[in-house]
Number of protein chains: 2
Amino acid sequence: MKPIDGVQRTLNVALDERSYPIHIGTGLVGNADAIAPYLAGRQVMIVTNETVAPLYLDALRDALPGKLDVRCVVLPDGEAYKSVEYVGRIWDALLEAGFNRRCTLIALGGGVIGDMVGFAAASYQRGVAFIQVPTTLLAQVDSSVGGKTGVNHPLGKNMIGAFWQPRAVIVDIATLCTLPARELSAGLAEVIKYGLIRDAAFLTWLEDNMAALRGCDADTLAHAIALSCQIKADVVAADETEQGVRALLNLGHTFGHAIEAEQGYGAWLHGEAVGAGMAMAATLSHRLGWIDSAALERCEAVIVAAGLPLHAPAGMGREAFLAHMRRDKKNLDDELRLILLRALGDACITSETPPETLDALLDGYPRA
Amino acid sequence: MKPIDGVQRTLNVALDERSYPIHIGTGLVGNADAIAPYLAGRQVMIVTNETVAPLYLDALRDALPGKLDVRCVVLPDGEAYKSVEYVGRIWDALLEAGFNRRCTLIALGGGVIGDMVGFAAASYQRGVAFIQVPTTLLAQVDSSVGGKTGVNHPLGKNMIGAFWQPRAVIVDIATLCTLPARELSAGLAEVIKYGLIRDAAFLTWLEDNMAALRGCDADTLAHAIALSCQIKADVVAADETEQGVRALLNLGHTFGHAIEAEQGYGAWLHGEAVGAGMAMAATLSHRLGWIDSAALERCEAVIVAAGLPLHAPAGMGREAFLAHMRRDKKNLDDELRLILLRALGDACITSETPPETLDALLDGYPRA
């Protein structure tokens, strides 16, 4: 394949006939060469939200070849709209436009848009093509890669969904220039996660480069995104449907999902909840004697350096945590399963945390 | 594997790691040996409807091993309830029960229940196990086999769904004794379809045995079900996601789906609409010169002998047909694709029907 203008790095998610590339570069949203090769047919539905639409929708639409039938759906912005009801608006638009099985959905936005559009694509006419064009750091390093799609249910986050792989992920680093600082920090939570679970050297690099990342330095971001996507792609290729190693990507997420669900989706950003959740998982790992206090302090310091919260929400008690954690998708039968750290750069899944140790953590962990 | 009491015949749907058996026999609903081997874990949700529940729910529940956590959802009966809203009731029940990824859904009922439970299973926590226990002839020979799941949308039938294979299909022929004659006829539409698309000898056998089938003779039904399931299993194994040959299973369905959608789901039974639709497809095949008038007459006679309608609904005009047919899932880009007959026992997919020929058929075809 000839190089595409603006693409600085291309990775591959290796899933046999469902394999796809991740193109990382600058100005890709408005670059037809980066996107058009992955369209299935002539019918294209761009789905975005009210925040992203004014910034990038015209650039993307104008870049697509003129012979296509391009339609757009603009949803309200926020995790509160990540529901079956709003996926229904995408289905409605597809049917009203008379779109068939050879149509392509393009998800232009953050993780919420990507997850919703992915599920809409997975379930429209039993599955159509889709392309991820993530515009937040969190979506670029995590949610757009790997095929997890879905929506929230009042009783749990991401409870309704499908594994459905995109045809390509187009990461335009330039979109991060318009991202609020709080959202950039939220994305860094997932970047830190990759270092913690799999790559101690990357964690050290993050400690050294956190200021440049938060300052939106393009080359530093490109390196962090590429390394994060590579780790995610490797894990997904090894375990597409989370029967084993893929669960490690959930470090901090069991506690984090409980925080999000309890606070109401959207009150805390996903990455913020994961930040506090990783600190809780590291604290538990330390109490179990798996990591020493120096390692715990490094975890906490890098989370704080990224601009993320370390503490659990004020007023959220042990039972509130446990009620949500018992519904976690990683659990099998009645066992609560947690991702913990054996060392920095080495995570494991365990169902053997003594209940009294977990209770003590949830009772005593600092609240904001 | 040792033989299971009551199982007269076992077929295999060959889909690599997603392969599964179809057990056909008598009294299987209440036979734990037939069902329990396919449960994924200890959590079991039986989903049925208000018509089937009084007949078979207790038998199924009582047959399951006592150590399981068994819950039930009873939905209203009918195609009118085959919607995302009612699938939502299944999701709600699963979450309220705290069911995890290792749970198993059991679909106890006809095609509507099977399709809805299959989609609920496909989309709950990104996919959990399910078992089909079809209690109508239509579900036993068609919808329970092959992994097509989904619900209707106001703008089209089965437009929202997934390919999701069951772990087993348990066909209890005894359930057909309680089936209304009209429903048995509707199931025979799909049985006739297999003969028409793939097996002229089976079609001849059906012509000879229609009275015994409609009289609910167990051995005759067992033979028809086994042959139908074998043809379906072979086609699905060759083309799981309908990229090619699987589309042939849609003979009569393009016209039939239009009839169902226009009349309001449930006014005509699916099999009745398919009966009239197959007659329309055969008529069109004849007008194109592909089958002679003797063959057309045999098609019409066997459809009538099964107790199915030959004519389109009164008052349903050409444009009403075309509006629905343009949204058919088989279409690619703007091409209308139809399944037609090259001969009895030999169907093909074509996008080359001259529009004026199709218009003339839709204008002139007899109405009820």
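The rules behind each value
- Residues numbered from 1 in each chain as written.
- Chains lettered and ligands numbered in written order.
- Predicted model: local features only at pLDDT ≥ 70, side-chain atom pairs only at ≥ 80, totals over all residues.
- Helix = DSSP H or I, 4+ residues; strand = E, 2+ residues; numbered from the N terminus.
- Buried ≥ 20, exposed ≤ 12 C-beta atoms within 10 Å, placed from the backbone.
- Contact = placed C-beta atoms within 7 Å.
- Nonpolar A, V, L, I, M, F, W, Y, C, P; charged D, E, K, R; others polar.
- Pairing = 2+ DSSP bridges.
- Core = buried A, V, L, I, M, F, W, Y, C linked by C-beta atoms within 7 Å.
- Least-squares fit on C-alpha atoms with pLDDT ≥ 70 in both.
- Domains from an automatic or database assignment.
- Expected span 1.5 Å × (residues − 1).
- Axes fitted to C-alpha atoms, helices over the stretch in contact; angles between N-to-C directions.
- pLDDT = per-residue confidence, 0-100.

A. Representation of the overall build of chain A within the structure. Helix and strand counts for chain A stand at 13 helices and 11 strands. For chain A, the spread of C-alpha atoms along the three principal axes comes to 65 × 40 × 35 Å. Per-residue burial for chain A yields a buried fraction of 53% across its 368 residues. Considering only contacts in chain A between residues 6 or more positions apart, those separated by 24 or more positions represent 75%.

B. A look at the interface of chain B and chain A. Each partner contributes residues to the interface: chain B has 33 residues there, and chain A has 33 residues. Residue assignment for the side of chain B that touches chain A shows that the elements contributing at least two residues are helix 3 (84-96), helix 4 (111-123), strand 7 (148-153) and strand 8 (156-163) of chain B. Per-element accounting of the side of chain B that touches chain A gives the leading share, six residues, to strand 8 of chain B. Of the residues in the side of chain B that touches chain A, the class split is 11 nonpolar, 12 polar and 10 charged.

C. Representation of the pairing of strand 7 of chain B. All names here are of chain B. Strand 7 sits mainly inside the fold: six of its six residues count as buried. Judged from the five bridges that link them, strand 7 and strand 8 form a sheet pairing that is antiparallel. Bridge pairing in strand 8 places Lys148 opposite Phe163. What sits between the antiparallel neighbours strand 7 and strand 8 is a turn of two residues.

D. Seen up close, the nonpolar core. Counting residues in hydrophobic clusters, the biggest one holds 243 residues, and the most contacted among them are Val47 and Ala281 of chain A together with Val47 and Ala281 of chain B. In this structure Ala281 of chain A touches Leu251, Gly252, Phe255, Leu338, Ile339, Leu340 and Leu341 of chain A, once residues within four positions along its chain are discounted.

E. Spatial organisation of the relation of the copies chain B and chain A. Mapping chain B onto chain A leaves a residual RMSD of 0.0 Å; the transformation is a rotation of 180° accompanied by 0.0 Å of translation along its axis. On the angle and the small slide along the axis, the relation comes out as a two-fold axis. Residue by residue, 100% of the interface of chain B is reproduced at the interface of chain A, so both copies engage with the same surface.

F. Expanded view of the domain arrangement of chain A. All names here are of chain A. Taken domain by domain, chain A comprises domain 1 (7-178) and domain 2 (181-364). Each of domain 1 and domain 2 was reduced to a C-alpha centroid, and the two centroids are 25 Å apart. At the interface, 33 residues of domain 1 touch 30 residues of domain 2. Within the residue set of the side of domain 1 that touches domain 2, elements represented by two or more residues are strand 1 (7-13), strand 2 (20-25), helix 5 (137-143) and strand 8 (156-163). When its residues are assigned to classes, the side of domain 1 that touches domain 2 shows 17 nonpolar, 11 polar and five charged.

G. Expanded view of helix 6 (residues 181-198) of chain A. The terminal C-alpha atoms of helix 6 of chain A lie 26 Å apart, and with 18 residues this matches the ideal 26 Å at 1.5 Å per residue to within 8%. The buried fraction of helix 6 of chain A is high, at 16 of 18 residues.

H. Region of interest: the environment of Pro354 of chain B. Residues and elements named next belong to chain B. Here Pro354 is to be found in the loop between strand 11 (346-350) and helix 13 (355-364). Of the residues examined, Pro354 has 10 C-beta atoms within 10 Å and is grouped as exposed. It is 9.2 Å that separates the C-alpha atoms of Pro354 and Leu288, two residues lying 66 residues apart in sequence.

I. Up close: the environment of Val236 of chain B. Residue and element names in this part refer to chain B. Here Val236 shows up in helix 8 (residues 218-238). With 11 residues separating them along the chain, Val236 and Ala247 place their C-alpha atoms 9.8 Å apart. Residue contacts for Val236: discarding those within four places in its chain leaves Val13, Val145, Gly146 and Arg246.

J. Spatial organisation of the sheet that holds strand 4 (residues 69-75) of chain B. All names here are of chain B. The seven strands lie next to each other as 1-2-9-6-5-3-4, forming an open sheet whose pairing is mixed. What marks the edges here is a single partner per strand, and that holds for strand 1 (7-13) and strand 4. Going from strand to strand, the sheet's axes swing by 15° on average, the running direction of each strand aside. In this sheet, strand 4 lies alongside strand 3 (residues 43-49) in parallel orientation, the contact comprising seven bridges. Residue Ile46 lies in a different strand from strand 4, and its bridge partner there is Cys72. Its contacts with the sheet place helix 2 (residues 53-63) against strand 3, strand 4, strand 5 (104-109) and strand 6 (129-134), and it is angled at close to 165° to strand 3. Sitting on the sheet, helix 3 is in contact with strand 3 and strand 4, with an inclination near 160° to strand 4.

K. Summary view of the pairing of strand 11 (residues 346-350) of chain A. Residue and element names in this part refer to chain A. Bridge count between strand 10 (residues 338-343) and strand 11: five bridges; the pairing is antiparallel. Residue pairing for strand 11: Leu340 is matched across the bridge by Cys348. The turn linking strand 10 back onto strand 11 is made up of two residues, and Gly345 within it adopts a positive phi angle of 90°.

L. Molecular detail of the sheet that holds strand 2 of chain A. All names here are of chain A. Judged by pairing direction, the sheet is mixed, and its seven strands sit side by side in the order 1-2-9-6-5-3-4 without closing on themselves. Edge positions in the open sheet fall to strand 1 and strand 4 (69-75), since each of these has one partner strand only. Within the sheet, the average angular offset between the axes of one strand and its neighbour, ignoring direction, is 15°. Sheet analysis places strand 1 next to strand 2, joined by six bridges and oriented antiparallel. Paired with Leu11 across the strands is Ile22, a residue of strand 2. Against the sheet, helix 2 (residues 53-63) engages strand 3 (43-49), strand 4, strand 5 (104-109) and strand 6 (129-134), with an angle of about 165° to strand 3. Together, strand 3 and strand 4 form the strand contacts of helix 3 (residues 84-96), whose direction differs from that of strand 4 by roughly 160°.

M. Main features of the confidence of the model for chain A. Overall, the prediction assigns chain A a mean pLDDT of 95, with 99% of residues at 70 or greater. Reported confidences for the modelled complex are a pTM of 0.91 and an ipTM of 0.90.

N. Inspection of unusual backbone geometry at higher detail. All names here are of chain B. A positive phi is found at Arg126, a non-glycine position, where the angle reads about 65°. With respect to the element layout, Arg126 can be found in the loop between helix 4 and strand 6. Judged by local crowding, Arg126 falls into the buried class, with 23 C-beta atoms found within 10 Å. Phi at Glu242 is positive, roughly 55°, even though this residue is not glycine. Along the chain, Glu242 falls in the loop between helix 8 and helix 9 (253-263).

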